[in-house]
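Results of the structural survey
Chain residues, written in single-letter form:
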Amino acid sequence: MHYMFLPFKRYFDFSGRSRRKEYWMFTLLNVIVLTIYVLVFFFLFGNAVGDPLSGSFDGTGSFFSSSLSGWIVLGLLWLLFVLIPGLSVSVRRLHDRDLSGWWYLAYLVGSGLPFIGFIVIIGFFVVMAMPGTIGSNRFGPDPEDNNTAEVFA
């Protein structure tokens, strides 16, 4: 659980390196939160949203519209809350691979392109899953080295 919340401690820290465990545990935390959010959303508002193909919409009352708006705002607040830590942990993870953080911008732009976006997403996934460089690199000491405890200080 420590690694899930470590990016929140290092909120605006775009320098240094992050282990695979820190990146993937933070990603797992987001997947869990968003899965619970979507399940509760459809449990609470499944009838209110209706079937878009048939055009049915049951939630015309003010309760559904105000609750639905509040629920959407809650989801947007979570996304805004994890935006900066997500960016910073991704940049630090790229630093662990001895890559510049600007590659993350290339990923964001490339993943939105038609036809090649899927290939860019798979490539980014592979890069994030690869182990970091052993020992120090130009971005700092190895975060997996137990002798350098000041990395996470």
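Look at helix α4 (residues 102-111) against helix α5 (residues 117-129): their axes get within 8 Å of each other, and the N-to-C directions meet at 145°. Packed against α4, whose contacting residues are Tyr-104, Tyr-107, Gly-110 and Ser-111, the element α5 presents Gly-117, Val-120, Ile-121 and Phe-124 at the interface. Looking at the contact of α4 with α5 residue by residue, the class counts come to five nonpolar, three polar and no charged.

Size it by volume and the largest pocket reaches roughly 540 Å³. Along its surface, the largest pocket is lined by 20 residues, and Tyr-23, Thr-27, Asn-30, Gly-86 and Tyr-104 are the ones closest to its centre. The set of elements that each furnish at least two residues to the lining of the largest pocket consists of α2 (20-49), α3 (62-96), α4 and α5. Here the residues of the lining of the largest pocket are counted per class, giving 16 nonpolar, four polar and no charged. By volume, the second largest pocket is sized at about 160 Å³. Every residue along the wall of the second largest pocket is listed here: Leu-94, Leu-99, Trp-103, Ala-106, Tyr-107, Val-120, Gly-123, Phe-124 and Val-127. For the lining of the second largest pocket, the leading source of residues is α5, giving four residues. Residue composition of the lining of the second largest pocket, by class: eight nonpolar, one polar and no charged.

How each quantity is defined
- Residues numbered from 1 in each chain as written.
- Predicted model: local features only at pLDDT ≥ 70, side-chain atom pairs only at ≥ 80, totals over all residues.
- Heavy atoms only, no water.
- Axes fitted to C-alpha atoms, helices over the stretch in contact; angles between N-to-C directions.
- Helix = DSSP H or I, 4+ residues; strand = E, 2+ residues; numbered from the N terminus.
- Contact = heavy atoms within 4.5 Å.
- Nonpolar A, V, L, I, M, F, W, Y, C, P; charged D, E, K, R; others polar.
- 1 Å grid on protein atoms, 1.4 Å probe; cavity = no way out; pocket = protein on both sides within 12 Å on 5 of 7 lines; lining within 4 Å.
- Points joined across faces, edges and corners; volume = space filled by probe spheres on them.

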